[in-house]
Amino acid sequence: MNRVGERKRLRLWVVGGLVLQMTGLIGCISITSNDPSIRREAVRQLSDQTTLAGVAQNDIDADVRCAAVERLTDQAVLAKIVIEDKQVAVRKAAVSKLTDQATIASVAQHDTDVDVRCAAIDKLDDQALLVKLAIEEPNAGIRAVAVRRVTNPASLARIAQTDSDADVCRAAVAAVTDQALLAKIATEGTIVRTRLAAVERMTDQALLSGIAVADKLSTVDGTNGVADGNAVRAAAVIKLDDKALLAKIKSEDKSNAVRFAAEVRLMNLEGIRQPGQR
């Protein structure tokens, strides 16, 4: 390389070094600025984990701490922030970066804020703990979040049958695909909307037929119980393909709603338009 080339390379090296030094100096100045918006933007340019950890734990502004947490990877520091920070937004940001399942499980059970607990549950893999939270947690919102992470069909069916909250039951039913379990929910659930949702997810014709003609659903105690039972039966009838059974239900069933459902289903199967249809 000639002298001109060497001098050019030297100038570029010196200028580059100065730029890097100035950038670092500006970053240091920016994170100590009195203006939190400047500190926040400065933090977003940082990658040094020690500096970020200091800002995430010590800055007086919650938004600045959140910005630092979002760039942190140190699991020990993140766990410390989740436990010690007073601001919900900062703890939630820390939870989103956590990977340690033991820490996540602790937050899911013990944090004082519902949103932070839900954020932790969304990252929880422990199925036994998820089922426990889905069944035993007093807060329905937390139960619903836990249910969406549960994978065991029998546990989901149990929750759908017994939980007192419609949203929790609906979340459980939405995750069940086993036809026998869906039939069990449809006949034994405590909330009619849950039972109807279970029928809606059913495709097994034998099980649907059993629900459609189930005497126990139309002879439960109480007027509302009878109405609910017949609504579930009617929902099953609408999904039947057996024309002979539908004709029998249409002519013999004691419930007006169930007979009407059978009539409508027969008309649909035979391609007959209902009155008012075009």
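Note that the structure is a prediction, hence the values are computed from the model and not measured.

Reading the values: the criteria
The residue count restarts for each chain, going from 1 along the sequence in the order it is written. Totals for whole chains, interfaces and linings use all residues, but because this is a predicted model, local features are given only for residues with pLDDT of at least 70 and pairs of side-chain atoms are given and counted only at 80 or more. Hydrogens and water molecules were not included; the side-chain quantities draw on all heavy atoms of the structure. Each reported salt bridge corresponds to a side-chain nitrogen of Lys or Arg within 4 Å of a carboxyl oxygen of Asp or Glu. Helix and strand assignments come from DSSP, with helices taken as H or I runs of at least 4 residues and strands as E runs of at least 2, each series counted from the N terminus. Burial classes: relative accessible area under 20% of the type maximum marks a residue as buried, over 50% as exposed, and values in between as partly exposed (1.4 Å probe, protein chains only). Angles shown run from 0 to 180 degrees and are taken between the N-to-C directions of axes, each axis being a line fitted to C-alpha atoms and, for helices, limited to the stretch in contact. Here a crossing is called left-handed whenever its near helix is offset anticlockwise from the far helix by less than a right angle, and right-handed whenever the offset is clockwise. Contacts are assigned to residue pairs that have any heavy atoms within 4.5 Å of one another. Side-chain atoms alone can form a polar contact between residues adjacent in sequence; in general such a contact is a pair of N or O atoms within 3.5 Å, and within protein one must be able to donate a hydrogen while the other accepts it.

(A) Here's a closer look at the pattern of salt bridges. Under the criterion given, the structure shown has 14 salt bridges. The salt bridge partner of Asp125 is Arg149, with a shortest N-O separation of 3.1 Å. Taken as a pair, Asp125 in the loop between helix 8 (114-121) and helix 9 (127-136) and Arg149 in the loop between helix 10 (140-147) and helix 11 (153-162) lie far apart in primary sequence, 24 residues in all. For Arg149, a relative accessible area of 27% gives the class partly exposed.

(B) Up close: the packing of helix 3 (residues 49-58) against helix 4 (residues 62-69). The contact between helix 3 and helix 4 brings their axes to 7 Å, and the two run at 145°. Two packed elements cross with a definite hand, and for helix 3 against helix 4 that hand is left-handed. Contact with helix 3, carried on its side by Leu52, Val55, Ala56 and Gln57, involves Val64, Arg65, Ala68 and Val69 of helix 4 and no other residues of that element.

(C) Examining the environment of Ala53 more closely. Relative to the helices and strands, Ala53 is located in helix 3. Overall, the relative accessible area of 10% leaves Ala53 in the buried class. Taking the C-alpha atoms as reference, Ala53 lies 8.1 Å from Asp74; in sequence the two are 21 residues apart. Contacts of Ala53, omitting those with residues within four sequence positions, involve Leu72 and Val77.

(D) Main features of the side chain of Asp163. Checked against the element boundaries, Asp163 lands in the loop between helix 11 and helix 12 (166-174). Taking relative accessible area as the criterion, Asp163 reaches 8% and is therefore assigned buried. A polar contact is formed between the side chain of Asp163 and the side chain of Arg143, at a distance of 2.8 Å. Within the structure, the side chain of Asp163 is placed 2.8 Å from the backbone nitrogen of Asp165, a separation counted as a polar contact. When neighbours within four sequence positions are excluded, Asp163 is seen to be in contact with Ala134, Arg143, Val168, Cys169, Thr190 and Ile191.

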